[in-house]
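Geometric and topological summary
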Amino acid sequence: MGGMIDLNAPIVPAKSAAGVSIGDSVAPLLATIRPRSTRTLYFGESHDLGEIRVWAKDGVVYQIGVYSGYRGILEPNIHIGSSIADVENSFGCTVQEDEDDNLVVPNSRGWCFETEEWRAPMTVSNNRQRQIVSIFIFNPDPILGDK
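Within each chain, residues carry numbers counting from 1 in the order of the written sequence. Totals for whole chains, interfaces and linings use every residue, but because this is a predicted model, local features are given only for residues with pLDDT of at least 70 and side-chain atom pairs only at 80 or more, for both listing and counting. The basis for the side-chain values is all heavy atoms of the structure; hydrogens and waters are excluded.

Bringing the overall build of the protein into the picture now. Where helices and strands are cited, they refer to DSSP runs of H or I of at least four residues and of E of at least two residues respectively, numbered from the N terminus. Counting its regular elements, the protein contains two helices and ten strands. Taken from the N to the C terminus, the helices and strands of the protein come in the order β-β-α-β-β-β-β-α-β-β-β-β. Taking 15 Å as the expected radius of gyration for a compact globule of 147 residues, we find that the protein reaches 15 Å, a close match to that expectation. Reported as C-alpha extents along the three principal axes, the dimensions of the protein are approximately 45 × 30 × 25 Å. In the protein, which comprises 147 residues, the share counted as buried stands at 41%. Across the protein, every contact between residues at least 6 apart in sequence was considered, and the portion connecting residues at least 24 apart equals 48%. Method for areas: the Shrake-Rupley scheme with a 1.4 Å probe, in which residue coverage is limited to the protein chains shown. Surface summary for the protein: the accessible area is close to 8,100 Å², and the carbon and sulfur share equals 48%. In this count, Lys and Arg are taken as positive residues and Asp and Glu as negative ones, while His and the chain termini are left out. Charge placement uses NZ in Lys and CZ in Arg. For Asp and Glu, CG and CD serve respectively. Across the protein, the centroid of the 12 positively charged side chains sits 4 Å from that of the 19 negatively charged ones. Each radius of gyration reported is based on C-alpha atoms, and the globular scaling rule is 2.2 Å times the count of residues to the power 0.38. The classification of residues rests on relative accessible area computed with a 1.4 Å probe and restricted to protein chains. Under 20% of the type maximum is buried, over 50% is exposed, and intermediate values are partly exposed. What makes two residues a contact is simply this: any of their non-hydrogen atoms within 4.5 Å.

Written as structure tokens, this is what we have:
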């Protein structure tokens, strides 16, 4: 990775977004882009880079988030601004909430997303038109000592 963010780069579940890959060293990125903020977390740190955020532990990226202003696509055609219904239609299954209240697609691992605020009743089926405001990429099968 050259340390540059590409706001048009594809979103690849469990692998990459914005030209940043899971497993990359965070140092080259931080050498070229000054974070808006950096937060120390129980498990590493979080760097807010505007349209993207990266989470790293021991200097290695383990999660990437994309937000408003990001133009890349998660195939077949999911992006910031897509609705829950768009996700369900694209992947042919029902979006679910995981144990951490992330929205996930059961047949597409390595990513999750958040939407704009829901309306009551607070169910996926009642909020299918809510739009995606953030997409997160991560390794769904982290192995201790892996890279």
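Now that the structure has been shown, the text picks up again.
A separate point is the sheet that holds strand 4 (residues 44-48). Here eight strands make up an open sheet; going across it, the order is 3-4-5-6-10-9-8-7 and the pairing antiparallel. Here the strands that pair on one side only, and so sit at the sheet edges, are strand 3 (37-41) and strand 7 (96-97). Strands qualify as paired when DSSP identifies two bridges or more between them. The sheet contact formed by strand 7 and strand 8 (residues 103-105) spans two bridges and is antiparallel. Along strand 8, the bridge assignment pairs glutamine 96 with valine 104. Lying on the sheet, helix 2 (residues 84-91) is in contact with strand 8, strand 9 (108-115) and strand 10 (132-138); it crosses strand 9 at an angle near 160 degrees. Axis definition: a line fit to C-alpha positions, over the contact stretch in the case of helices; interaxial angles, taken between N-to-C directions, run 0 to 180 degrees.

Any pair of aromatic rings gets described here by the distance separating the centres and the angle formed by the planes. Each aromatic pair joins two rings of Phe, Tyr and Trp (for Trp, the six-membered one) with centres within 6.5 Å, and gets the label stacked for planes under 30 degrees apart, edge-to-face for over 60, and tilted for any other angle. Within the structure shown, the criterion is met by five aromatic pairs. Their ring planes at 75 degrees and their centres at 5.2 Å tell us that phenylalanine 43 and tyrosine 62 sit as a pair that is edge-to-face. Within this pair, whereas phenylalanine 43 is found in the loop between strand 3 and strand 4, its partner tyrosine 62 is found in strand 6 (residues 60-66), the two being separated by 19 residues in sequence. Relative accessible area serves as the criterion here: at 24%, tyrosine 62 is assigned to the partly exposed category. Taken together, a centroid distance of 6.0 Å and an interplanar angle of 80 degrees make the contact between tyrosine 67 and phenylalanine 136 edge-to-face. Of this pair, tyrosine 67 sits in the loop between strand 6 and helix 2 while phenylalanine 136 sits in strand 10; the two residues are 69 residues apart in sequence, bridging distant segments of the chain.

In summary, soluble globular proteins display a tendency toward joint burial of nonpolar side chains. Formed by 33 residues in total, the largest nonpolar core has its most connected members in Ile52, Tyr70, Val87, Trp111, Phe113 and Ile135. Where this core is concerned, the elements lending two or more residues are strand 5 (52-57), strand 6, helix 2, strand 8, strand 9 and strand 10. Remark: nonpolar core denotes a set of buried residues (Ala, Val, Leu, Ile, Met, Phe, Trp, Tyr, Cys) joined through side-chain atoms within 4.5 Å.

Here the focus is the pattern of salt bridges. As a working rule, side chains carrying opposite charge can pair if their charged atoms are close by. One side-chain nitrogen of Lys or Arg within 4 Å of one carboxyl oxygen of Asp or Glu is enough to make a salt bridge. In total, this model carries five salt bridges according to the counting rule given. With its nearest N and O atoms 2.5 Å apart, the salt bridge here joins glutamate 88 to arginine 128. Here glutamate 88, found in helix 2, pairs with arginine 128, found in the loop between strand 9 and strand 10; they are 40 residues apart in sequence, far enough to count as distant. Its relative accessible area of 9% is what places glutamate 88 among the buried residues.

Function-wise, these values are silent; they only describe arrangement.
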